[in-house]
Amino acid sequence: MYNSIVCNSDYNLGFKLALVAEVEKGELSYKQAQNTYGIQGRSTVLDWLRKHVTLD
């Protein structure tokens, strides 16, 4: 039986940027995004936000 855990590197850049945009717009909190998209790592979304957030 195969394990269905997805590694951070398995998420494509487009997905990461779309998720970051949703959080930036206030459509989801980072926790909601984590739960909605089934992202298991506690800091994964926070890491993406730190890396890809656009500063205006």
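Structure shown above.
Notes on the structure follow. (Residues numbered from 1 in each chain as written. Predicted model: local features only at pLDDT ≥ 70, side-chain atom pairs only at ≥ 80, totals over all residues. Heavy atoms only, no water.)

**Description of the overall build of the chain**
Here is step 1: Within the chain, the regular secondary structure consists of three helices and zero strands.
Here is step 2: Each helix (α) and strand (β) of the chain, taken in turn from the N terminus, gives the series α-α-α.
Here is step 3: The buried share of the chain, taken over its 56 residues, is 27%.
Here is step 4: Sequence-distant contacts, at least 24 apart, represent 48% of the contacts inside the chain between residues at least 6 apart.
Here is step 5: Here the chain displays about 4400 Å² of accessible surface, and carbon together with sulfur accounts for 52% of that area. (Helix = DSSP H or I, 4+ residues; strand = E, 2+ residues; numbered from the N terminus. Buried < 20%, exposed > 50% of the residue type's maximum accessible area, 1.4 Å probe, protein only. Contact = heavy atoms within 4.5 Å. Areas by Shrake-Rupley, 256 points an atom, 1.4 Å probe, with all protein chains shown as cover.)

**Observations concerning the environment of Arg 42**
Here is step 1: Within the fold, Arg 42 resides in the loop between helix H2 (30-36) and helix H3 (44-52).
Here is step 2: By relative accessible area, which is 73% here, Arg 42 ends up exposed.
Here is step 3: A C-alpha to C-alpha distance of 8.8 Å links Arg 42 and Lys 31, two positions 11 residues apart in sequence.
Here is step 4: For Arg 42, the contacting residues outside a window of four places in its chain are Tyr 30 and Gln 34.

**Topic: the side chain of Gln 34**
Here is step 1: Along the chain, Gln 34 falls in helix H2.
Here is step 2: According to the relative accessible area criterion, Gln 34 is buried, its value standing at 6%.
Here is step 3: A polar atom in the side chain of Gln 34 sits 2.9 Å from the backbone oxygen of Gly 41.
Here is step 4: Those residues within four positions of Gln 34 in sequence are excluded, and the remaining contacts are Ile 39, Gln 40, Gly 41, Arg 42 and Val 45. (Polar contact = N/O pair within 3.5 Å; in protein donor to acceptor, adjacent residues only side chain to side chain.)

**With respect to the packing of aromatic side chains**
Here is step 1: Under the definition given, this model contains four aromatic pairs.
Here is step 2: Note on Tyr 11 and Phe 15: the rings are 5.4 Å apart at their centroids and 15° apart in plane angle, and the pair reads as stacked.
Here is step 3: In this structure Tyr 11 comes out as buried when scored by relative accessible area, which is 14%.
Here is step 4: By relative accessible area, which is 25% here, Phe 15 ends up partly exposed.
Here is step 5: Seen in terms of ring centroids, Phe 15 and Trp 48 are 6.0 Å apart; in terms of plane orientation they differ by 90°. Their pairing is edge-to-face. With Phe 15 in helix H1 (residues 13-24) and Trp 48 in helix H3, this residue pair connects regions lying 33 residues apart in the sequence.
Here is step 6: Residue Trp 48 is classed as buried on the basis of its relative accessible area of 3%.
Here is step 7: Feature note: the residues Tyr 11, Phe 15, Tyr 37 and Trp 48 constitute an aromatic cluster, connected by ring pairs. (Phe/Tyr/Trp six-rings, centres within 6.5 Å; stacked < 30°, edge-to-face > 60°.)

Scope: geometric values only; no functional claims are made or implied.
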